[in-house]
Amino acid sequence: MDQLDSKILNALQNDFPIQQKPYETIAKRLQISTDQLFDRVQKLVDNGTIRRIGASINSHKFDFKSTLATISVTPDKLQKAARTVEKFHEVTHSYQRNDKFNIWFTIIAPTEERIEQILKQISSELSLNQNQVLNLPMKRLFKLNAKFKVS
Amino acid sequence: MVMSDKISDIERKVLAVIQGGMPVSMTPYKDMAESAGLDTAELIEVLRGWQENGKIRRIGAIVNHFKVGLGAGAMVVWIVGEDKIEEVGQLLAGFDEVTHAYERPTSDEWPYSLYTMVHGESEEGVGQIVAKMSQACGVSDYRILKTEKELKKVPPTYICEEIEEHE
């Protein structure tokens, strides 16, 4: 990663143009050639620095429901729990964290009933009792800005 | 699958083709339009409309923060009373290192009401930022839940036929 990569990463995270040839516009902004830009972008995608280029959809505006949920499992059950949670395509993110509640995951689904159903199924497959599962839907949003300033 | 009837057939097609990410191509919109059976202009119009009305938050690169020197992340949860939460939430959201800040429901076994995602270069760095945040908002009841492992991270699926086709 050099300075140009950093510049490209910062530029690509903001206002990716919705037009026929978006890279031409970005290249002009960065004052480099379109070929040089696109070559760098491909490398950054290939080496995993860019996970993807895409649209962050506001799921609520498409009538989808979402939540953050967590379960508390014993260390010997962690792997099985991770697999059980992961297998639902409605689970979009899942992380292991160092606390009593140790697996945290987000669910995006068409209805709240479906979210409940997924949580029930996870509980029953892992034989969890009620106080080992928390469903924590958002009450208020203060900030959502998953852009990272690269230096 | 039942996706709400409120969206048009064209919008459905656009959502289906973009939900997993855009092609890495010099002409991503043209490529998506072709695979969705739409005109490029049509697809571009839908996307611009969605950007205007907030259905799309942003279009751009999703960067893997582990790869750009921000490998240490933590979810930090705070006990904040209802009367203070707006003020504290706004204050903590103002930190550059905080990417997400939400209020969530509390319970007897988990009394934390404010959730912040904090990113830094190292665990110590994150600890220092959190200490600063705590000092700034005057809340000392918090917990740092370090990210030990990323188990899954995929874009949401809105249109399910896509999955079936790809399986």
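All of these numbers come straight from a predicted model, not from anything done at the bench.

**Some words on a nonpolar patch on the surface**
Residues and elements named next belong to chain A.
Then step 1. A contiguous nonpolar patch, built from Met138, Leu141 and Leu144 and spanning about 230 Å² of accessible area, is present on the exposed surface.
Then step 2. Mapping Met138 onto the fold places it in the loop between strand 5 (133–135) and strand 6 (140–144).
Then step 3. The class of Met138 is partly exposed, set by a relative accessible area of 37%.

**What to know about the interface of chain B and chain A**
Then step 1. If you look at the interface, chain B gives 83 residues, while chain A gives 74 residues.
Then step 2. Across the chain B/chain A interface, buried area totals approximately 7,700 Å², and carbon plus sulfur atoms make up 59% of it.
Then step 3. Ionic pairing is found between Lys139(A) and Glu103(B), a salt bridge with its closest N-O pair at 3.5 Å.
Then step 4. For the interface between chain B and chain A, the tally reads 40 residue pairs in polar contact (both at pLDDT 80 or more).

**Here's the deal with unusual backbone geometry**
All names here are of chain A.
Then step 1. A positive phi is found at Gln31, a non-glycine position, where the angle reads about 55°.
Then step 2. Following the sequence through the fold, Gln31 ends up in the loop between helix 2 (22–30) and helix 3 (34–46).
Then step 3. Its identity is not glycine, yet Ser127 carries a phi of approximately 50°, on the positive side.
Then step 4. Its place among the elements puts Ser127 in the loop between helix 5 (112–125) and strand 5.

**Describing the domain arrangement of chain B**
Then step 1. Domain boundaries assigned for chain B yield domain 1 (9–52) and domain 2 (72–146).
Then step 2. Here the C-alpha centroids of domain 1 of chain B and domain 2 of chain B sit 37 Å apart.

**Details of the pattern of salt bridges**
Then step 1. What the rule picks out here adds up to 14 salt bridges over all chains.
Then step 2. Residue Lys43(A) pairs with Asp39(A) through a salt bridge whose shortest N-O separation is 3.1 Å. Highlighted residues: Lys43(A) and Asp39(A), both in helix 3, separated by four residues, approximately one helical turn.
Then step 3. Its relative accessible area of 37% is what places Asp39(A) among the partly exposed residues.
Then step 4. The partner of Arg140(A) in a salt bridge is Glu82(B), and the shortest N-O contact between them spans 3.5 Å. Residue Arg140(A) is found in strand 6, and its partner Glu82(B) is found in the loop between strand 2 (72–78) and helix 4 (85–93); the two belong to separate chains.
Then step 5. Given a relative accessible area of 55%, Glu82(B) falls into the exposed group.
Then step 6. Among the charged side chains, a salt-bridge network with shared partners connects Lys139(A), Arg140(A), Glu82(B), Glu86(B) and Glu103(B).

The rules behind these values
- Going along each chain's sequence as written, the residues are numbered from 1 onward.
- Chains and ligands are labelled sequentially in the order written, the chains with letters from A and the ligands with numbers from 1.
- Since the coordinates come from a predicted model, pLDDT governs what is reported: local features require at least 70, and pairs of side-chain atoms require 80 or more to be given and counted, while whole-chain, interface and lining totals use all residues.
- By convention in this description, side-chain values take in all heavy atoms of the structure and omit both hydrogens and water.
- The patch calculation keeps residues exceeding 30% relative accessible area without a salt bridge and links them within 9 Å when they carry like charges or within 5 Å when they are nonpolar (Val, Leu, Ile, Met, Phe, Trp, Tyr).
- Under the convention used here, a 1.4 Å probe and the Shrake-Rupley method define accessible areas, while residue burial counts only the protein chains that appear.
- Put simply, a salt bridge is a Lys or Arg side-chain nitrogen that is within 4 Å of an Asp or Glu carboxyl oxygen.
- A run of DSSP states H or I qualifies as a helix once it reaches four residues; a run of E qualifies as a strand once it reaches two. Both are numbered from the N-terminal end.
- Only protein chains enter the accessibility calculation, which uses a 1.4 Å probe. A residue is then buried if its area is under 20% of the maximum for its type, exposed if over 50%, and partly exposed in between.
- Note on definitions: a residue-residue contact is assigned when non-hydrogen atoms from the two residues lie within 4.5 Å.
- When two components associate, each loses some accessible surface as probed by a 1.4 Å sphere; the sum of these losses over both components is called the buried area.
- Counting of polar contacts relies on pairs of N or O atoms within 3.5 Å, with two restrictions inside protein: one atom must be capable of donating a hydrogen and the other of accepting it, and residues adjacent in sequence are counted only when both atoms are side-chain atoms.
- Where a domain begins and ends is set by an automatic assignment or by a domain database.

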